[in-house]
Amino acid sequence: MAERFENILDECLERLRQGESLEQCLARYPERAAELEPLLRVATASQKASSAVEPRPEFKTRTRYQVQSWLQDKERKTEPKKPSLVGWMPRWAVVVASVVLIFLLAGTGTVAASSTSMPDDTLYPVKLATERVQLRLSRGDISKARVNVRLADRRVKEILYLAKKGDSRRLDRALLRLAGHMEVIEQVMEANADKPKVQEAITALRALLEERIAENESAIQGATNNTDEPGILGRVLDTYRQGYQGALGSGRRGSN
């Protein structure tokens, strides 16, 4: 079976960090060279810049332009796919996740700019890719659950934005991502409910959930719906409540 593209990219990025040239990396995978080359060129430029305390403004501008141009080109060429329950994102956005780590060092501002992007923005796939990296870097179940709580807050904000814009198609995708975050939180709460060593952390996580539920439910109830589905925000609220009630129920079982 063919090796997954993101695994090939990870290997090439590691070889670049160890001093291998771009041409040598591409020669290892000639059948994927066309896909690898633009990513590796951006990564190489970012890696060189990371050795400086502060990259020059012209480098930041040039690199940001390279990334945005690449994203726009991929957006034009990529056909939309059916989202999965846990965190839909295009394959090429998953690939970008590895490059995002280098941009964090390079200080180009692309990752920071993407953090406030919405689903209809060019940089939104970078936002999702960065989140995937953050989840992978989370150490332990509780830490991963807390990241998912924060990401669920982001999804709620995105849903409210999309409802106001009347974009029900993207809203459905955002709702699936939200359900995915809540599913992970419930799984963590359930898996750790009977572990005495983490009960203090579970209690703190439950308190955080209760705080976020109150604020997000209020925001959903007061949101503007300009889609052609009158009941869509009710469906969002039901999904949200069901997910967090499941998580809170799992957490309480361990405290009884």
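Figured I'd write up the structure that's included with this text. Here the structure is a predicted model, which means the values were calculated and not measured.

**A short note on the overall build of the protein**
Secondary structure summary: the protein contains 11 helices and zero strands in total. Reading the protein from its N end, one meets helices and strands in the order α-α-α-α-α-α-α-α-α-α-α. Of all intrachain contacts in the protein linking residues separated by at least 6 positions in sequence, the fraction that spans at least 24 positions is 71%. On the protein, roughly 13500 Å² of surface is accessible, and the fraction owed to carbon and sulfur atoms is 51%.

**Here's the deal with the pattern of salt bridges**
Taken as a whole and assessed by the stated rule, the structure comprises 14 salt bridges. Its salt-bridge partner being R155, residue E131 comes within 2.9 Å of it at the nearest N-O pair. Of this pair, E131 sits in helix α7 (residues 124-137) while R155 is found in helix α8 (residues 141-165), placing the two residues 24 residues apart along the sequence. Taken together, the shared-partner salt bridges in this structure form one network comprising K127, E131, R154, R155 and E158.

**With respect to the nonpolar core**
With 31 residues, the main nonpolar core has L178, L209, Y240 and Y244 as its most contacted residues. At the level of elements, α8, α9 (168-191), α10 (199-221) and α11 (232-255) are the ones that each hand at least two residues to this core. With residues near it in sequence (within four places) discarded, Y244 still touches V149, A152, M182, I185, L209 and I213. Membership of the second largest hydrophobic core comes to 13 residues, among which are L9, L13, C25 and L40.

**Topic: the packing of aromatic side chains**
Under the counting rule described, the total for this entry stands at one aromatic pair. On the numbers, 4.8 Å between centres and 85 degrees between planes, the contact of Y240 with Y244 is edge-to-face. In this pair, Y240 and Y244 are both assigned in helix α11, four residues apart and thus about one turn of the helix distant. The exposure class assigned to Y240 is buried, which follows from its relative accessible area of 1%.

Parameters at a glance
Starting from 1, residues in each chain are numbered consecutively following that chain's sequence as written. Local features in a predicted model are, by the rule used here, given only for residues with pLDDT of at least 70; side-chain atom pairs are given and counted only at 80 or more, and totals for whole chains, interfaces and linings are based on all residues. Think of the side-chain values as coming from all heavy atoms in the structure, minus any hydrogens and water. We count a stretch as a helix when DSSP gives it H or I for four or more residues in a row; a strand needs E for two or more, and each element gets its number in order from the N terminus. Whether two residues touch is decided by their heavy atoms; if any such pair falls within 4.5 Å, the residues are in contact. With residues, only the protein chains shown are counted as cover, and all accessible areas are computed by Shrake-Rupley using a 1.4 Å probe. The term salt bridge refers to a side-chain nitrogen of Lys or Arg lying within 4 Å of a carboxyl oxygen of Asp or Glu. Remark: nonpolar core denotes a set of buried residues (Ala, Val, Leu, Ile, Met, Phe, Trp, Tyr, Cys) joined through side-chain atoms within 4.5 Å. Each residue is placed in one exposure class: buried if its accessible area under a 1.4 Å probe, protein chains only, is under 20% of its type's maximum, exposed if it is over 50%, and partly exposed if it falls in between. Each Phe, Tyr or Trp ring, with Trp reduced to its six-membered ring, pairs with another whose centre is within 6.5 Å; inter-plane angles below 30 degrees give stacked pairs, above 60 give edge-to-face pairs, and intermediate values give tilted ones.

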